[in-house]
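Observations on the three-dimensional arrangement
In case you want the letters, here they are:
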Amino acid sequence: MVSHHFYLIGEQEPPAAPPWWFLSLAFLGAAYVAGVTQRLVVYIALCLRRPKDLRRRYGAWAVVTGPTSGIGRSMALELARRGIHLVLVDLNAANLREISDTVRSRHGVQTKTVVFDLSLLSTPQGDEALRRLREAVEGLDVGVLVNNAGISKPCALYLHEADAEAWVRMMRVNLWAPTEVTAAVLPGMVERGRGAVVNIGSASSEVIPSFPLYTIYAATKRYVAEFSRSLYVEYASKGIHVQCQAPFFVATRMVSNMAAARRFSPFVATPDAYARAAARWIGHGGPLCTPWPGHQLLWWIAAAVPDFVHDRLRLRDHLRQRTLFNRIRASRATATATASTTRAAGDAAGMIIPGTN
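Below or above, wherever it landed, is the structure these notes cover. Just so you know, these numbers come straight off a predicted model, no measurement behind them.

Procedures and definitions
Residues numbered from 1 in each chain as written. Predicted model: local features only at pLDDT ≥ 70, side-chain atom pairs only at ≥ 80, totals over all residues. Heavy atoms only, no water. Axes fitted to C-alpha atoms, helices over the stretch in contact; angles between N-to-C directions. Helix = DSSP H or I, 4+ residues; strand = E, 2+ residues; numbered from the N terminus. Parallel < 35°, antiparallel > 145°, perpendicular 65-115°, else oblique. Left-handed = near helix turned anticlockwise from the far one by under 90°. Contact = heavy atoms within 4.5 Å. Buried < 20%, exposed > 50% of the residue type's maximum accessible area, 1.4 Å probe, protein only.

1. A word on the packing of helix α6 (residues 164–192) against helix α7 (residues 215–235)
- Remark: α6 packs on α7, axes separated minimally by 9 Å, with the N-to-C direction vectors making an angle of 15 degrees. Classified by the angle between their axes, α6 and α7 sit roughly parallel to one another. The element α6 and its partner α7 pack so that their crossing is right-handed. Together, Trp 167, Met 170, Met 171, Asn 174, Leu 175, Pro 178, Thr 179, Thr 182, Leu 186 and Val 190 of α6 and Ile 216, Tyr 217, Thr 220, Tyr 223, Val 224, Phe 227, Leu 231 and Tyr 235 of α7 make up the contact between the two elements.

2. Notes on the environment of Tyr 158
- Mapped onto the elements, Tyr 158 comes out in the loop between β4 (142–147) and α6.
- The partly exposed category is assigned to Tyr 158, whose relative accessible area is 36%.
- Residues Tyr 158 and Arg 322, 164 residues apart in the sequence, show an inter-C-alpha distance of 9.1 Å.
- Here Tyr 158 is in contact with Trp 167, Leu 213, Leu 319 and Arg 322, once residues within four sequence places are set aside.

3. Thoughts on the side chain of Ser 202
- Take Ser 202: it is sitting in the loop between β5 (195–200) and α7.
- You can call Ser 202 buried: its relative accessible area is 8%.
- Not counting chain neighbours up to four residues away, the residues in contact with Ser 202 comprise Tyr 217, Lys 221, Gln 245, Ala 246 and Pro 247.

The following block contains the structure:
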């Protein structure tokens, strides 16, 4: 006997549409990924492009501030390697002679030096040095200006813990100096209808939402970024390209003692590596860039981290640095006091203590 089984197949209900919030999140996620991908493609294309002949495009001379160490020294040597003559601006005459001799012997370019303590801007001494800088660049085909000079001291301190004059000194070097030096060089660029201004900023003021215990430093670098953005728009029609280069950590004396720099060592550029990348970016991209690929990768990672996480991590790390630097300051203060006491005792005994005068 054969049995027959019949199954009633009912109509199936269509699947429910995803809720609006899910679609919104999916759209935002896709837009974010598309934006990051586009920026990545553009960045890689710019990194792989043929280097621009800066001398032919902009001019035979460059002005570099703070060229005696770190990024400034490497930038000066890199520009000289590209055949550009240099006007070197720094506060130490002996160090200026050393870098000037090194540049000429290695690359055979001409150099001029201007002794200029940028922390004396808006004082009679600073006005005199600025006059000498204007005289030094007068008549030269200055095509590139690199505003590199900067200071981070006093560092790892609460605002009320440092003397106001120390903050003023930092603002003069980090904020007023790029303003005054740029104003001194721009007229010649405008007259010739070409030029490139590179202002060295900091990622601490761009991708990091707060930089506690380095508040004035980060604020001055934020000024540099906005200064560059506005000048980029203001002078683009005159053939002058202005950009702020905002690096993360570079292995200079400024960051040599920072625990964060050691922890992120794969993302720390050497000054020479950074200078090579920085020179390739002159005249390319918008008013803000991060030339070294490792820094750009770190930038994208940092941008994905919520602000409150950045705030907590930065405060924790900088408080640790504060403890370390306070120990160093106390040790130096003790050594100075001991030396002063020894000197006083020696003077009283009619003796000269080696190394104390």
